[in-house]
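Residue-level structural notes
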Amino acid sequence: MNIIKKYMPKSLKKRLRKHFKSSESKGDLKTCSVCKQTTIIKKFPYHQYFEKFYEHGFVYSPFQFETLNLKHYRCSNCGASDRERLIALYFSKNDIGKQKEILSMVDFAPTKALQPFFKSLDQIDYRSADLFMENVDDKVDLTNMHNYKDNSFDLFVCSHILEHIVDDTKAMKELYRITKQNGSGLCLVPILLSIDKSVENEEYREHEHLRWKYFGQDDHVRMYAKKDFVSRLEAAGFQVNQYGSDYFGQDVFDTHGIDQKSVLYVVKK
């Protein structure tokens, strides 16, 4: 990639930048499981990330991420990403929020698209939590959730947070602690299918360039491998279930703009 960057003609670089910027506004009609609208699902913002990948020499292929639809990424109506649409599909498939009993739920680092979706569910007692965000119900450090008692919640959502936390095993143990017996959680992180072991290096964390090069983003502290991610959740005490296209249906994934190699990790206590 560095060789390509070095010797690529300036005219071609300019054309690629123009393509990436224009491609973001294009997309195909899909059904968004979050806002329930049939609308254009836009492409991944190539110019925002791929230029950073080129600039810092990202050592992996972005096409090897497990749950990332580069062609159908973000809903043009509500802004839901493909992973958020995957979470909404799970709620709908299992009628979560329509059950007789009320479920207590905590949503970590709530997103603009999913928060209204969760709040619309009648049988969910919803709370939002984050360490830095404003307008959340609880200020929470995921590695030390002292303001939550043991066995507090029936359900939690923790999506694309653990890759930002140095001591992710401590965070996973805390998630286990606050989950009720027989409770569950939805966990998602960026997973690279081309590696067998998670990439973690203190030196990489100290430099923005190295974070982009090895972790794919300047605020990430590791690159997860699939088996390693599952093993860490299991070590925290969780039973880990993996739900992909065989569970939801290949046609359902296609209809909602979910890549066929996407997987939702649902943990149970």
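Each value, and the rule that gives it
- For every chain, the first residue of the written sequence is number 1, and numbering continues from 1 along that sequence.
- Residues qualify for local features only when their pLDDT is at least 70, as the model is predicted, and side-chain atom pairs are given and counted only at 80 or more; totals for whole chains, interfaces and linings, by contrast, use all residues.
- The side-chain values count all of the structure's non-hydrogen atoms but skip hydrogen atoms and water molecules.
- Where helices and strands are cited, they refer to DSSP runs of H or I of at least four residues and of E of at least two residues respectively, numbered from the N terminus.
- In what follows, residue pairs with any heavy atoms lying within 4.5 Å of each other are defined as contacts.
- Areas reported as accessible are Shrake-Rupley estimates using a 1.4 Å probe. Residue values count occlusion only from the protein chains shown.
- Each pair of aromatic rings taken from Phe, Tyr and Trp, with Trp reduced to its six-membered ring, is defined by centres within 6.5 Å and is described as stacked if the planes are under 30 degrees apart, edge-to-face if over 60, and tilted in the remaining cases.
- Categorising residues by exposure relies on relative accessible area from a 1.4 Å probe, with only protein chains included: less than 20% of the type maximum marks a residue as buried, more than 50% marks it as exposed, and the intermediate range marks it as partly exposed.
- Here, a charge over a ring means that NZ of Lys or CZ of Arg falls within 6 Å of the ring centre while also lying within 35 degrees of the ring normal.
- Two strands pair under a simple rule: DSSP has to find at least two bridges between them.
- Seen with its strands pointing away from the viewer, a crossover is right-handed if its path from the first strand over the helix to the second goes clockwise.
- Residue-level confidence of the predictor is summarised by pLDDT, bounded by 0 at the bottom and 100 at the top.
- A pairing counts as a salt bridge when a side-chain nitrogen of Lys or Arg comes within 4 Å of a carboxyl oxygen of Asp or Glu.
- Under the convention used throughout, the expected extent of a helix is 1.5 Å for every residue step, that is, one less than its residue count.
- Two joining distances apply to patches: 9 Å for like charges and 5 Å for nonpolar side chains (Val, Leu, Ile, Met, Phe, Trp, Tyr), and every residue must have over 30% relative accessible area and no salt bridge.
- By the counting rule applied here, Lys and Arg register as positive and Asp and Glu as negative, while His and the ends of each chain are not counted.
- Each charge is placed at NZ for Lys, CZ for Arg, CG for Asp and CD for Glu.
- In this analysis an axis means a line fitted to C-alpha atoms, helices contributing only their contacting stretch, and an angle means the value between N-to-C directions, from 0 to 180 degrees.

1. Quick word on the overall build of the protein chain
Looking only at helices and strands, the protein chain has 11 helices and 10 strands in total. Pairs at least 24 apart in sequence give 68% of the contacts found in the protein chain among residues at least 6 apart. Of the roughly 13700 Å² of accessible surface on the protein chain, 47% is carried by carbon and sulfur atoms.

2. Structural notes on the packing of aromatic side chains
Counted according to the given criterion, the structure contains 28 aromatic pairs. With a centroid separation of 5.7 Å and an interplanar angle of 35°, the aromatic rings of Phe50 and Phe53 are classed as tilted. You can see Phe50 and its partner Phe53 sitting in helix α3 (residues 46-56), 3 residues apart, about one turn around the helix. The two residues Phe50 and Phe53 agree in class, both being buried. Between Tyr247 and Phe248, the aromatic rings sit 4.9 Å apart at their centres with planes inclined by 90°, giving edge-to-face as the arrangement. When its relative accessible area of 24% is taken as the criterion, Tyr247 is described as partly exposed. Note on Phe248: relative accessible area 8%, which makes it buried. Three or more aromatic residues joined by ring pairs form one cluster here, namely Phe44, Tyr46, Tyr49, Phe50, Phe53, Phe58, Tyr60, Phe63, Phe65, Tyr73 and Trp212. For the cation-ring pair, Lys93 lies above Tyr247, with the distance from its terminal atom to the ring centre recorded as 4.9 Å.

3. So, the pairing of strand β7 (residues 153-159)
Burial analysis of β7 places 7 of its 7 residues in the buried class, the great majority of the element. Summarising the sheet, strand β4 (residues 103-108) and β7 pair through 3 bridges and their orientation is parallel. In the sheet register, Asp107 faces β7, and the bridge partner there is Val157. The sheet contact formed by β7 and strand β8 (residues 179-188) spans 6 bridges and is parallel. In the strand pairing of β8, Cys158 is matched with Cys187. What joins β7 to β8 is helix α6 (residues 168-178), and the crossover it makes is right-handed.

4. Examining the confidence of the model for the protein chain
In this model, the protein chain carries an average pLDDT of 91, and 90% of its residues clear a pLDDT of 70 or more. In this model residues 1-8 is a low-confidence stretch, pLDDT under 50, and it forms 9 contacts with partners more than four residues away in sequence or in other chains.

5. A short note on the pattern of salt bridges
Applying the stated criterion to the full structure yields 14 salt bridges. Overlapping salt bridges, with partners in common, bring together Asp168, Glu200, Arg222, Asp228 and Arg232 in one network.

6. Section: helix α4 (residues 82-93)
Compared with an ideal rise of 1.5 Å per residue, which puts 12 residues at 16 Å, α4 spans 16 Å between its outermost C-alpha atoms and is within 8% of the ideal. Where α4 is concerned, the buried positions are Asp82, Glu84, Arg85, Leu86, Ile87, Ala88, Leu89, Tyr90 and Phe91. Downstream of α4 by one or two residues, Asp95 has phi in the positive range, about 50°.

7. What to know about a negative patch on the surface
On the surface, Glu55, Glu208, Asp218 and Asp219 cluster together into a negatively charged patch. Relative to the helices and strands, Asp219 is located in the loop between α8 (208-215) and α9 (226-235).

8. Side note on the environment of Thr169
Assignment of secondary structure puts Thr169 in helix α6. A relative accessible area of 34% means that Thr169 is categorised as partly exposed. Placed 26 residues apart in sequence, Thr169 and Thr143 show a C-alpha to C-alpha distance of 8.5 Å.

9. Topic: the sheet that holds strand β6 (residues 138-139)
Read from one edge of the open sheet, 7 strands run β6-β5-β4-β7-β8-β10-β9, paired in mixed fashion. Two strands close off the open sheet at either side, each with one partner strand: β6 and β9 (239-243). α4 rests against β4, β7, β8, β9 and β10 (264-268) of the sheet, and its axis sits at about 145° to β8. Set on the sheet, α9 makes contact with β8, β9 and β10; between it and β9 the angle comes to about 145°.

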